[in-house]
Amino acid sequence: MYDYLISPFIEFEFMRRALVGAFALALGGAPVGVFLMLRRMSLTGDAMAHAILPGAAVGFLFAGLNLFAMTAGGIVAGVTVAVGAGLIARSTGMKEDASLAAFYLVSLALGVLIVSLRGSNIDLLHVLFGTVLALDDATLLLLAAIATISLLALALIWRPLVLECVDPNFLRSVSRSGAPTHLVFLALMVLNLVGGFHALGTLLAVGIMMLPAAAARFWVKELTAMIVLAIVLAILSGYLGLLLSYHSGAAAGPAIILVAGILYAGSVLFGPVGGLKRHFIPVRHLEA
Amino acid sequence: MTAALEFKNLTLGYDRHPAVHHLNGKVAEGALLAVVGPNGAGKSTLLKGIVGALDPLTGEIDRNGAKKETIAYLPQLAEIDRSFPIDVYDLVAMGLWHSAGLFGGIGRAQKRNIEQAISTVGLDGFENRSIGTLSGGQMQRALFARLLLQDARLILLDEPFAALDENTIADLSALIARWHGERRTIITVLHDLDLVRSRFPESLLLAREAVAWGKTNEVLTADNLAKAKRMCEVFHPDAPVCEAAA
């Protein structure tokens, strides 16, 4: 048991680093994921992951596998798309999803264009699928910083963010903090996706954000509990995913997301809040 | 008598088409004013203009220096996400925004106020119910509790009684009467003319333009109502530019 569950992390430093990275991602990403889900923006995360890709690719083109260049590129591309789409949606009649689609498609096309102009056959597998088993000190510090910033920022914008979700018109009638809150939230999403792509790659970074959040909704009704549970599930996914990868030799990033997916499936089936279980095992109704 | 609000040649609308056309008049401080008129008469638009959610096409609204936090507005179809995991207590507590703000703590006195507001609207025991489980009437009661906490000098209600039962309407209009007794200014959009006649001393009959404005029994005459009905309510796609004094 010990050999199976714990010794891989004692024996190998790269496993310990991977574990710390996965935990950091869980702490920052899962709460953001819960709000994305509650605001019906789950697919926004996915779109944004695509929007970040060209930015990171451009950073890669100019500086190679340089943490700073790729992070900066990703953040610039992500923030441009998220803020641009948010501003257009707020100042015109355009719905946010359509406006976002327009922006991220242009960003993606631009990124691919720039790469093709350079004409070099670059290995972007690293960006696509991440390198969770090769996290260096700088990357770990980046992930930890992102998690810290995310938790602090969420605490600061908690009230207006919740109000903006529940009753945006009311928030507008009592305060001007709606727009800045929304923009800070979008920035947090971008930060976490950028952090995620170093470990899991752009395409899977959304997974560690959304799957634990979606799973948590099947277990609890209260917002704070939902966020705590999402973090726990994300941490669990990271740990079990790394174990699975270690013992089976499967790629670590996808293994983590797959575990999160299994936890989600279990929640859909057995979760007490709207899970499928209720459909198959009916309970008798109460008197009042 | 000071005016809480003054409309000066006010035109409000969407995409250059007026929904409220050249409105002039004053709302006295402490007034209890009902705004009535056919669908599409510009009643909701007028309220949106007053809260500042819609800028005038021409003219202006003089709010007599009233700040944002002294105006409370309950829209017709509150865009509330009722699937969001939040309970009645927290929803009502939002009414304290102006005193608590982004970070301010909610003290013991304020907690008592929240509980009192919930109790006043008859939702005792519902504090921890999530808003998704409330009926339409209970939801409206909760929103009135939030209005209570907002403690505003000017209260705007857009069809607050739509689709409610008699019991709820009686309870909530008693609250409106209480606010009136506290000399707050209240403007309510309503369709139920009997209710207007029995509870609102002053009325504005709107059909894009003001058909009549004054004492309720002088405004809601058969003549005036027929006139309001005749005034067309559709946008004319090729309407000419309005030449009235801008």
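Quick caveat, the model's predicted, so the values are computed rather than measured.

**Observations concerning the interface of chain A and chain B**
Okay, so step 1: Across the boundary between the two partners, chain A contributes 20 residues, which contact 18 residues of chain B.
Okay, so step 2: For the side of chain A that touches chain B, the residue count by class is eleven nonpolar, four polar and five charged.

**Topic: unusual backbone geometry**
Residue and element names in this part refer to chain B.
Okay, so step 1: For N9, which is not a glycine, the phi torsion comes out positive at approximately 50 degrees.
Okay, so step 2: Along the chain, N9 turns up in strand 1 (residues 3–14).
Okay, so step 3: A positive phi angle, near 65 degrees, is found at R183, a position not held by glycine.
Okay, so step 4: For R183, a count of 10 C-beta atoms within 10 Å gives the class exposed.

**Comments concerning the nonpolar core**
Taken as a class, soluble globular proteins show a tendency for nonpolar side chains to be buried jointly.
Okay, so step 1: Counting residues in each nonpolar core, the largest one holds 163 residues, and the members touching the most others are M48, I52, V190 and A230 of chain A.
Okay, so step 2: Broken down by element, the residue count for this core peaks at 14 residues, all from helix 3 (residues 13–38) of chain A.

**What to know about the sheet that holds strand 7 (residues 185–189) of chain B**
Residue and element names in this part refer to chain B.
Okay, so step 1: Across the sheet, six strands lie side by side as 5-6-7-3-8-9; this open sheet has mixed pairing. Each having just a single partner strand, strand 5 (71–74) and strand 9 (209–215) make up the two edges of the open sheet. Recorded for the sheet is a direction-independent mean angle of 15 degrees between the axes of neighbouring strands.
Okay, so step 2: The pairing of strand 6 (residues 154–158) with strand 7 spans five bridges and is parallel. Note that in strand 7 the partner of L154 across the bridge is T185.
Okay, so step 3: In the packing of helix 1 (residues 43–51) onto the sheet, contacts are made with strand 3 (32–36), strand 5, strand 6, strand 7 and strand 8 (202–207), and the angle to strand 6 comes to roughly 150 degrees.

**Here we look at the sheet that holds strand 2 (residues 17–28) of chain B**
Residue and element names in this part refer to chain B.
Okay, so step 1: Read from one edge to the other, the open sheet built from three strands follows the order 2-1-4, with strand pairing classed as antiparallel. At either end of the open sheet lies a strand with only one pairing partner, and these are strand 2 and strand 4 (58–62). The sheet shows a mean angle of 15 degrees between the axes of neighbouring strands, taken without regard to direction.
Okay, so step 2: Of the pairings in the sheet, the one linking strand 1 to strand 4 comprises four bridges and is antiparallel in character. Each bridged residue has a counterpart across the sheet, and for E6 the counterpart in strand 4 is D62.
Okay, so step 3: Relative to strand 1, helix 1 is tilted by about 120 degrees, and along the sheet it contacts strand 1, strand 2 and strand 4.

**Regarding the packing of helix 5 (residues 136–150) of chain B against helix 6 (residues 166–181) of chain B**
All names here are of chain B.
Okay, so step 1: Remark: helix 5 packs on helix 6, axes separated minimally by 11 Å, with the N-to-C direction vectors making an angle of 10 degrees. In terms of axis orientation, helix 5 runs roughly parallel to helix 6. For the pair helix 5 and helix 6, the contacting residues are G137, Q140, R141 and F144 in the first and T168, L172 and L175 in the second.
Okay, so step 2: Along the lines of polarity and charge, the residues of the contact of helix 5 with helix 6 split into three nonpolar, three polar and one charged.

**Remarks on the confidence of the model for chain A**
Okay, so step 1: This prediction gives chain A a mean pLDDT of 86; 95% of its residues lie at or above 70.
Okay, so step 2: Within chain A, helix 12 (residues 223–248) of chain A carries the highest mean pLDDT (95), whereas helix 7 (residues 125–129) of chain A carries the lowest (65).

**A few points about the packing of helix 5 (residues 67–91) of chain A against helix 10 (residues 178–199) of chain A**
All names here are of chain A.
Okay, so step 1: With their axes 9 Å apart at the nearest point, helix 5 and helix 10 run at an angle of 150 degrees to one another. For the element pair helix 5 / helix 10, the angle class is roughly antiparallel. Read as a crossing pair, helix 5 and helix 10 show a hand that is right-handed. Contacts between helix 5 and helix 10 pair T71, G74, I75, G78, V79, A82, V83, G86 and R90 from the former with A179, H182, L183, L186, A187, M189, V190, L191, L193, V194 and F197 from the latter.
Okay, so step 2: Looking at side-chain class alone, the contact of helix 5 with helix 10 contains 14 nonpolar, five polar and one charged residues.

**Some details on the pairing of strand 5 of chain B**
Residues and elements named next belong to chain B.
Okay, so step 1: With burial as the criterion, each face of strand 5 is covered, one bearing I71 and Y73 and the other bearing A72 and L74.
Okay, so step 2: Sheet analysis places strand 5 next to strand 6, joined by four bridges and oriented parallel. When the bridges of strand 6 are listed, I71 appears paired with L154.

Basis of the calculations
Residues numbered from 1 in each chain as written. Chains lettered and ligands numbered in written order. Predicted model: local features only at pLDDT ≥ 70, side-chain atom pairs only at ≥ 80, totals over all residues. Contact = placed C-beta atoms within 7 Å. Nonpolar A, V, L, I, M, F, W, Y, C, P; charged D, E, K, R; others polar. Helix = DSSP H or I, 4+ residues; strand = E, 2+ residues; numbered from the N terminus. Buried ≥ 20, exposed ≤ 12 C-beta atoms within 10 Å, placed from the backbone. Core = buried A, V, L, I, M, F, W, Y, C linked by C-beta atoms within 7 Å. Pairing = 2+ DSSP bridges. Axes fitted to C-alpha atoms, helices over the stretch in contact; angles between N-to-C directions. Parallel < 35°, antiparallel > 145°, perpendicular 65-115°, else oblique. pLDDT = per-residue confidence, 0-100. Left-handed = near helix turned anticlockwise from the far one by under 90°.

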